[in-house]
Amino acid sequence: MLSNMRDVFPFVFMTQLLVFVKSLELNQCSQFTSCETCAGIVDSGISCRWCLESKECVPSKYLCHPWKTVIHDINCPLSNIPTTYSDTFLRTEVAAYIHAANRVSEYSPVGAPMSCLMKLKARVDVLNELDVPTKLEGRTIGVLIGVNHDLQHIFIGFRSTNDPVQFVSQFYVFMMGWMEDFPLGGKMVAIYSRMYKEILEFGFDDCLEKAVMKYPTYALVVTGHSLGGAMSTVFALHVAMKYPQKLTSLYSVSAPRSGDETFVKLLRQHVSEEFRVVRDGDFVPDSPFRISQTIETAHHNSFEIFYGSHMAVDNYVICNQPETEYCLKGSWWKKPVAHMYLFDQNFFNYHLGYCE
């Protein structure tokens, strides 16, 4: 009898100890009462996460649905959803700026960018066309600086991918998880960090400085599609920090992730308006891929403007999280047309001529 009790006692003791330890774990993180104070905080060795359903801070992913769990504070739901986004402005002016920037290329004829801008009713001038050589993949990245006198802003457009080698090079960098220190703070996907430096070395700041001096009261609009969307995100921070007194608006379209959490926080701090447009079914905004939320990688910025598959007029929702299963992920299916065909316009960029 005593022998049996001696055998049972260690088992009972260990069971009670495990229950005690588990109760301690469950009590950890509970002191944090908001997503911003909870997500990513380490409490006595336990990484806390915010549960969107129960609105409580929990110590384990098993206590909350994985799609409804926030472990990065930059992905907490935002209450200050902007009211200044304009679907009409995107479809007209921003679309024309992107089409014009896509024609800053050795493959496009002289005057091709202006042929796109002439379709606008506003008085628009092209100030600079920069076709910048890039070393990593041996191609170029196009930059367009212009001015819209009627709307009183200087616009900066970045060309999307126009070469198969450039497209493949980006995905190689994505798959390697290659990130570098970014001069303005945080880490950046390496190919975008290097393009940023090469564009600056090519004389971008001097060109923009002349435009700002000539039109000192004008605001700044930065935009681009795909690769151009990533570079517009990077340079929105650059110009906003360089000209803090100016209103800087970012309209990135179909952009991949570019910078880490520190970079995203800097964008929120310095850029006046940041809009990231995504069409349902587009695979590019879901790259570089997030294999795990806990692995260091690039993150998206706010605010996502998520359009339905046909991008009908005003068929969009402004998402209150940079990364969410309900907006960015959209439908389970992905198709190239969702990346290249947006609001009844073709954004496929390959050896483009004049805008017809």
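Structure shown above.
So, a few notes on the structure that sits alongside this text. Quick caveat, the model's predicted, so the values are computed rather than measured.

### Points about the pattern of salt bridges
Now for step 1: With the rule as written, the count across this model stands at 11 salt bridges.
Now for step 2: Put simply, Lys265 and Asp73 hold a salt bridge, and the shortest N to O gap is 3.4 Å. With Lys265 in helix H9 (residues 261–270) and Asp73 in the loop between strand E5 (69–70) and helix H3 (87–101), the pair connects residues that are 192 residues apart, well separated along the chain.
Now for step 3: Judged by its relative accessible area of 39%, Lys265 is partly exposed.

### Notes on the layout of surface pockets
Now for step 1: Roughly 320 Å³ of volume is contained in the largest pocket.
Now for step 2: Lining the largest pocket are 23 residues, and of these Thr161, Phe167, His339, Met340 and Phe348 lie nearest its centre.
Now for step 3: Of the residues forming the lining of the largest pocket, the biggest block, 5 residues, is contributed by helix H5 (residues 164–176).
Now for step 4: Of the residues that constitute the lining of the largest pocket, the class distribution is 14 nonpolar, 8 polar and 1 charged.

### Examining the nonpolar core
Now for step 1: With 47 residues, the main nonpolar core has Ile154, Phe158, Tyr192, Ile199, Phe204, Leu208 and Met231 as its most contacted residues.
Now for step 2: Top element by residues in this core is helix H8 (residues 227–242). It accounts for 9 residues.
Now for step 3: Apart from residues no more than four positions distant in its own chain, Leu208 is found in contact with Ile145, Ile154, Ile156, Leu220, Val239 and Tyr243.
Now for step 4: Of all hydrophobic cores here, the second largest spans 33 residues; its members include Val94, Ala95, Tyr307 and Leu342.

Here is what the cut-offs are and how they apply
Residues numbered from 1 in each chain as written. Predicted model: local features only at pLDDT ≥ 70, side-chain atom pairs only at ≥ 80, totals over all residues. Heavy atoms only, no water. Salt bridge = Lys/Arg side-chain N within 4 Å of Asp/Glu carboxyl O. Helix = DSSP H or I, 4+ residues; strand = E, 2+ residues; numbered from the N terminus. Buried < 20%, exposed > 50% of the residue type's maximum accessible area, 1.4 Å probe, protein only. 1 Å grid on protein atoms, 1.4 Å probe; cavity = no way out; pocket = protein on both sides within 12 Å on 5 of 7 lines; lining within 4 Å. Points joined across faces, edges and corners; volume = space filled by probe spheres on them. Nonpolar A, V, L, I, M, F, W, Y, C, P; charged D, E, K, R; others polar. Core = buried A, V, L, I, M, F, W, Y, C linked by side-chain atoms within 4.5 Å. Contact = heavy atoms within 4.5 Å.

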